[in-house]
Amino acid sequence: MSGERLDGLSVRDVRVSFDGFTAVDGVSLEVPAGDIRFLIGPNGAGKTTLVDAITGLVRATGSVRFGDEELLGRPVHRISRLGIGRTFQTSTVFEELSVLQNLDIAAGARRSWATLARRRRGVPDEIAAALETIGLAARAADLAGTLAHGQKQWLEIGMLLVQDARLLLLDEPVAGMSHEERDATGTLLELVSRDRTVVVIEHDMEFLRRFARSVTVLHAGRVLSEGTVAQVQADPRVQEVYLGHPVDAGSARTGQEA
Amino acid sequence: MTAVTPAPPSTAVRPAPAGPVPPGRPAGRSRLRTLAGFAFGAALLFAVAPLVLSDFRLALLAKYLCVAMVAVGIGIAWGRGGMLTLGQGVFFGLGGYAMAMHLKLADAGPGGMPDFMQLYGQLDELPLWWRPFASPWFALPATVLLPMAVAFGLGSLVFRRRVRGAYFAILSQALAAAMVILLIGQQGTTGGTNGLTDIKGFFGYDLDDPVNQRMVYFIIAGTLLALLALTRQLIHSRYGELLVAVRDGEERVRFLGYDPASVKLVAYVVAAGMAGLAGALFVPAVGIISPALIGIVPSIEFVIGVAVGGRATLLGPVLGAVAVAWARTALSERFPGTWTYLQGLLFVVVVAFLPGGLASLWALARRRDVAAQPQRRGRLSLGRRRAERTEVPAA
């Protein structure tokens, strides 16, 4: 849909401090173009803060590059216009606007004032396509506030698609979803990662095993481990953080609360 | 809860047909209804009101309609944009004073000075900043552009620093207080507490003549209708949708790549322009502009009318403003002294029990009708309570 080039995300030595407390303490990671990278870690590991830093919500030192562009130091809306889109833990669709209006606004950040002053006529092609992709075509005219929880999350993802985000940062997209909804969301992620790079913060281990292409484990603001799902699961340091003590790799259970 | 059916991968690439998307309200019928609405409003204002009302009542109505213009602007800034502006009196005042200065200078004749300056100013000649207002080519545009410029300057500072909510309300109110203090302090050149009074002519027409008063009323009624048409276009445009999005999720809009500060700024500046125009037309209708008409109390009264009528709708602010202003006159004629309490009570009741204002009663009734149609019942469950607060154009 985007037809633009595929870029990777490169995070180098990023630090975020709040009043002396260091939430992200020198994180470096490379997410290759087209990856579905899962960020996991215990509460307080700095996952969301790292995404906040990438998207300009909090100040950070170090370097974050997406393609050729340095992101740190730019205001939120400029970073967004470089093709970085994110969702939040709680759904933040505009509940008093229709599904179609939500998508139309998401698609329009580059519109001129002259276009903004006019009415929308019909449904732009990329929005119709996104409505199909996220399975909400039949609900286009309904207020977003009337959608079910899972549908709101899909709408959020749809908004990132029409926004032409080439890097999707999703914060717990399947929290509170049913099994079928999780599967549908995973399939949706695989679909959109064909021409985009996706980073997902998630606690759900089953979801991770099924859909992650690579995993980065954060702990206390640092990268603890990185690799494929199997590599990370076999890492004794990860087991120690998650289980409190090292266990041998064969018996590592991964259904634990992250 | 329906399971999603992610489309087969190919759909992501091919341009999807616009088929399954319902087009929403049929545009033709909606336009017809709007035209009918405007025709009805015009008939009411231009034919019925002048026939039934005495000259005195018609002059009062002219005054209410000026308040209604301010209300339309507040409807945009507050109802649609979420900016509770408690200082629209400032912009109303700027427009009013700009107009009154010109009319005073016109009354005084070429080279003359307004009467009050000779009375208590020790001025030998017209102050420098009064001079441009002698020309209608400067004064008339200034009634609108001056308030807009002030709103632009203030808004640029305030919205970029992300001042909002109660802080913004307090700040805008402080501005109204500051303006009154400034006007009173500069009595020699502003007329002080008295303001600019005893305005006799309006571009060569004698304002004591009932025929000319009627003309002023028609100008005001026409302007109000024009502002309503403009506002309707604005709230149905893409910008109007974006403004509601900023109101409900400013941060989210930022992450979509917009700068919410500029979105809000436009609405605030438009509202200021409307208030300025209202102030300018208020002067020939009433014959006076003074600090008491533009300070904190009138600024809050503007907002009360909007809240009572329904802040997020097109007509709510107008009807609310006229109704409250009319009730104020009617009740204070009969029970002087109790109006202030009634007004306070009205405000409390509306805010507590009918946050969408009187307009939401209408929307509520319409939704009950819709509820009778089974195929659309799905829309009701969750959306209803919120939908009462705002009337958002469907798709």
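Quantities reported herein were computed from a predicted structural model and do not represent experimental measurements.

A. How the structure looks around the overall build of chain B. Each helix and strand counted, chain B has 16 helices and 2 strands in total. Residue burial in chain B is summarised as follows: out of 395 residues, 50% are buried. Intrachain contacts of chain B at a sequence separation of at least 6 include 78% that bridge at least 24 residues.

B. The arrangement of the overall build of chain A in detail. Looking only at helices and strands, one finds 10 helices and 10 strands in chain A. In chain A, which comprises 258 residues, the proportion classed as buried is 60%. Residue pairs in contact within chain A that sit at least 24 positions apart in sequence constitute 67% of those at least 6 positions apart. Total accessible area computed for chain A in this model is approximately 9800 Å², and 47% of it derives from carbon and sulfur atoms.

C. Broad picture of the confidence of the model for chain A. Scored by pLDDT, chain A has a mean of 88; 92% of the residues are at 70 or more. Of the regions scoring below 50 in pLDDT, residues 249–258 of chain A engages in 18 contacts with residues more than four places distant in sequence or in other chains.

D. How the structure looks around the pattern of salt bridges. Using the criterion set out here, one finds 35 salt bridges over all chains in the structure. Residue Asp7 of chain A pairs with Arg166 of chain A through a salt bridge whose shortest N-O separation is 2.8 Å. Here Asp7 of chain A, found in the segment before strand S1 (9–18), pairs with Arg166 of chain A, found in the loop between helix H6 (149–162) and strand S7 (167–171); they are 159 residues apart in sequence, far enough to count as distant. Each member of the pair, Asp7 of chain A as well as Arg166 of chain A, carries the same accessibility label: buried. Taking the shortest distance from any N to any O, the salt bridge between Asp104 of chain A and Arg111 of chain A comes out at 3.0 Å. When sorted by exposure, Asp104 of chain A lands in the same class as Arg111 of chain A, which is buried. Connected through salt bridges with shared partners, the residues Asp104, Arg111 and Arg120 of chain A together with Arg238 and Glu241 of chain B form a single ionic network.

E. A look at the sheet that holds strand S4 (residues 61–66) of chain A. All names here are of chain A. With antiparallel pairing, the 4 strands of this open sheet are ordered in space as S2-S1-S4-S5. Strands with a single pairing partner mark the edges of an open sheet, and in this sheet they are strand S2 (21–31) and strand S5 (69–70). Here S1 pairs with S2 via 8 bridges, running antiparallel. Paired with Val14 across the bridge in S2 is Val27.

F. Region of interest: the environment of Leu155 of chain A. All names here are of chain A. Residue position: Leu155 is located in helix H6. The exposure class of Leu155 is buried, given its relative accessible area of 0%. Taking C-alpha positions, Leu155 is 9.6 Å from Leu100, a pair spaced 55 residues apart along the chain. Excluding residues that lie within four positions of it along the chain, Leu155 makes contacts with Val93, Val99, Asn102, Leu103, Ile134, Leu136, Ala144 and Leu147.

G. Examining a nonpolar patch on the surface more closely. A cluster of nonpolar residues, Phe40, Leu44, Val48, Leu51 and Val52 of chain B, forms a patch on the protein surface that exposes about 550 Å² of accessible area. If you trace the backbone, Leu51 of chain B turns up in helix H1 (residues 27–52).

H. Fine view of the side chain of Ser299 of chain B. Residue and element names in this part refer to chain B. Mapped onto the secondary structure, Ser299 falls in helix H12 (residues 296–309). On the accessibility criterion, Ser299 (0% relative accessible area) is buried. Of note is the side chain of Ser299, whose polar atom sits 3.0 Å from the backbone nitrogen of Gly89. Sequence-distant contacts of Ser299, that is, excluding residues within four places in its chain, are made with Leu86, Gly87, Gln88, Gly89, Ala176 and Ile294.

I. Representation of empty space enclosed by the protein in the model. Residues and elements named next belong to chain B. Following the criterion strictly, the structure yields 4 cavities of 30 Å³ or more and no others. Around the second largest cavity, the lining residues are Val72, Gly75, Ile76, Arg80, Thr231, Ile235, Arg311, Ala312, Thr313, Leu314 and Pro317. Elements with a contribution of two residues or more to the lining of the second largest cavity: helix H2 (55–80) and helix H8 (210–236). The greatest single-element share of the lining of the second largest cavity, amounting to 4 residues, is contributed by H2. In terms of residue class, the lining of the second largest cavity is made up of 6 nonpolar, 3 polar and 2 charged.

J. Molecular detail of the packing of helix H9 (residues 238–248) of chain B against helix H11 (residues 260–286) of chain B. Residues and elements named next belong to chain B. Running from N to C, H9 and H11 point in directions that differ by 115°, and their axes come no closer than 10 Å. Judged by the angle between their axes, H9 and H11 are roughly perpendicular. With respect to the hand of their crossing, H9 and H11 are arranged in left-handed fashion. Counted together, Tyr239, Leu242, Leu243 and Val246 of H9 and Pro260, Val263, Lys264, Val266 and Ala267 of H11 form the full contact between these two elements. Here the contact of H9 with H11 is composed, by residue class, of 8 nonpolar, no polar and 1 charged.

K. The side chain of Arg238 of chain B, seen in detail. Mapped onto the elements, Arg238 of chain B comes out in helix H9. Apart from the residues lying within four places of it in its own chain, the contact partners of Arg238 of chain B are Asp104, Arg111, Thr115, Leu116, Arg118, Arg119, Arg120 and Pro124 of chain A.

L. Quick peek at the packing of aromatic side chains. Taken as a whole and assessed by the stated rule, the structure comprises 16 aromatic pairs over all chains. When the ring of Phe88 of chain A is compared with that of Phe255 of chain B, the centres are 5.1 Å apart and the planes differ by 70°; the resulting orientation is edge-to-face. Of this pair, Phe88 of chain A sits in the loop between strand S6 (84–86) and helix H3 (99–106) while Phe255 of chain B sits in helix H10 (residues 250–255), placing the two residues on different chains. The pair Phe88 of chain A / Phe255 of chain B is uniform in exposure class, with both members buried. Seen from their ring centres, Phe92 of chain B and Phe282 of chain B are 5.2 Å apart, and the 70° between their planes marks the pair as edge-to-face. Taken together, the residues Phe92 of chain B in helix H3 (residues 88–108) and Phe282 of chain B in helix H11 connect sequence positions 190 residues apart. The class for Phe92 of chain B is buried, based on a relative accessible area of 2%. Given a relative accessible area of 4%, Phe282 of chain B falls into the buried group.

M. Structural detail: the sheet that holds S7 of chain A. All names here are of chain A. Spatially, 6 strands are ordered S6-S7-S8-S3-S9-S10 in an open sheet, and the strand pairing comes out mixed. Here the strands that pair on one side only, and so sit at the sheet edges, are S6 and strand S10 (222–227). If you compare each strand with its neighbour and ignore which way they point, the axes differ by 20° on average. Against the sheet, helix H7 (residues 179–192) engages strand S3 (36–40), S7 and strand S8 (197–201), with an angle of about 150° to S8.

Quick notes on the rules
Residues numbered from 1 in each chain as written. Chains lettered and ligands numbered in written order. Predicted model: local features only at pLDDT ≥ 70, side-chain atom pairs only at ≥ 80, totals over all residues. Heavy atoms only, no water. Helix = DSSP H or I, 4+ residues; strand = E, 2+ residues; numbered from the N terminus. Buried < 20%, exposed > 50% of the residue type's maximum accessible area, 1.4 Å probe, protein only. Contact = heavy atoms within 4.5 Å. Areas by Shrake-Rupley, 256 points an atom, 1.4 Å probe, with all protein chains shown as cover. pLDDT = per-residue confidence, 0-100. Salt bridge = Lys/Arg side-chain N within 4 Å of Asp/Glu carboxyl O. Pairing = 2+ DSSP bridges. Patch = residues over 30% accessible without salt bridge, like charges linked within 9 Å, V, L, I, M, F, W, Y side chains within 5 Å. Polar contact = N/O pair within 3.5 Å; in protein donor to acceptor, adjacent residues only side chain to side chain. 1 Å grid on protein atoms, 1.4 Å probe; cavity = no way out; pocket = protein on both sides within 12 Å on 5 of 7 lines; lining within 4 Å. Points joined across faces, edges and corners; volume = space filled by probe spheres on them. Nonpolar A, V, L, I, M, F, W, Y, C, P; charged D, E, K, R; others polar. Axes fitted to C-alpha atoms, helices over the stretch in contact; angles between N-to-C directions. Parallel < 35°, antiparallel > 145°, perpendicular 65-115°, else oblique. Left-handed = near helix turned anticlockwise from the far one by under 90°. Phe/Tyr/Trp six-rings, centres within 6.5 Å; stacked < 30°, edge-to-face > 60°.

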